[in-house]
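Take a look at the letters that make up each chain.
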Amino acid sequence: NIPFISPLGFTRFEHKINTIIMVENKNIKVAVIYCRVSVEDSKNPGLSIDAQEIQCRRKAEEEGYSVLEVIIDDNRSGGNLKRPGIQRILRLIAEKNPIDAIYLVHKDRLSRNMADHIFLTDLFRKNKIILKSLNEPMMDDSAVGITMDMMMASFNQYHRLNTSEKVKSTMH
């Protein structure tokens, strides 16, 4: 049986203790960092996992957040939720871990599928988790904010579908 070691280097027990300590201190704001790179994105050094983590960690710490965990999906498409990292986020939320914010460099790292984007943003909203994208304006829960967020999500889905069409056309 392989022991669980969290990305922070804690065993499952130590991770739970660290989480409990964070919950006990109500003044600590807790964040998760989510980084994703697809095969196509891996060609861009500005989108590397390391670059994403460094940028997100810097911003989270600037804003007074303690980083609970860095969650990574390497060489994964944003076209569906069948990614270990996204599944980890869903488990953290289901287990009622104290998460105040999720940091990412762009919302397209989270999803390039409209239905999945809506599902995730609704889940975050219901659990009072703020989605913090470093390179996009912060959207509020107003009618305009939600509509603009959906428009951005539709462009992200368009980009994924368009890229897929281009790849398929070169294979024939």
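Nothing here was measured: the structure is a model prediction, and the numbers come from that model.

Read from one edge to the other, the open sheet built from 4 strands follows the order 2-1-3-4, with strand pairing classed as parallel. With one partner strand each, in any of the chains shown, strand 2 (65-74) and strand 4 (130-133) form the two edges of the open sheet. Neighbouring strand axes in the sheet, compared pairwise and without regard to direction, differ in orientation by 25 degrees on average. Taken together, the 3 bridges between strand 1 (residues 29-37) and strand 3 (residues 101-104) define a ladder with parallel strand orientation. Looking across to strand 3, one finds that Ile 33 is bridged to Tyr 103. Against the sheet, helix 2 (residues 49-62) contacts strand 1, strand 2 and strand 3, and its axis sits at roughly 160 degrees relative to strand 1.

So, about the packing of aromatic side chains. Here the structure, examined in full by the defined rule, presents 1 aromatic pair. Residues Tyr 65 and Tyr 103 carry aromatic rings whose centres are separated by 5.5 Å and whose planes lie at 75 degrees to one another, so their mutual orientation is edge-to-face. Highlighted residues: Tyr 65 in strand 2 and Tyr 103 in strand 3, separated in sequence by 38 residues. There is no split in this pair, since Tyr 65 and Tyr 103 are both buried.

The next subject is helix 4 (residues 114-126). The terminal C-alpha atoms of helix 4, which comprises 13 residues, lie 18 Å apart, in line with the 18 Å expected from a rise of 1.5 Å per residue. For helix 4, the complete set of buried residues consists of Asp 116, His 117, Leu 120, Thr 121, Leu 123 and Phe 124. Mapping the buried residues of helix 4 onto a view down its axis gives an arc of 160 degrees, with all of them on the same face. Pointing more than 90 degrees away from the buried face of helix 4 are the exposed residues Ala 115 and Lys 126. Its side-chain oxygen placed 3.0 Å from the backbone nitrogen of Ala 115, Asn 113 serves as the N-cap of helix 4. Within two residues after helix 4, Lys 128 carries a phi angle of roughly 55 degrees, on the positive side.

Reading the values: rules and limits
- Residues numbered from 1 in each chain as written.
- Predicted model: local features only at pLDDT ≥ 70, side-chain atom pairs only at ≥ 80, totals over all residues.
- Heavy atoms only, no water.
- Pairing = 2+ DSSP bridges.
- Helix = DSSP H or I, 4+ residues; strand = E, 2+ residues; numbered from the N terminus.
- Axes fitted to C-alpha atoms, helices over the stretch in contact; angles between N-to-C directions.
- Contact = heavy atoms within 4.5 Å.
- Phe/Tyr/Trp six-rings, centres within 6.5 Å; stacked < 30°, edge-to-face > 60°.
- Buried < 20%, exposed > 50% of the residue type's maximum accessible area, 1.4 Å probe, protein only.
- Expected span 1.5 Å × (residues − 1).
- Arc of directions from axis to C-beta.
- Polar contact = N/O pair within 3.5 Å; in protein donor to acceptor, adjacent residues only side chain to side chain.

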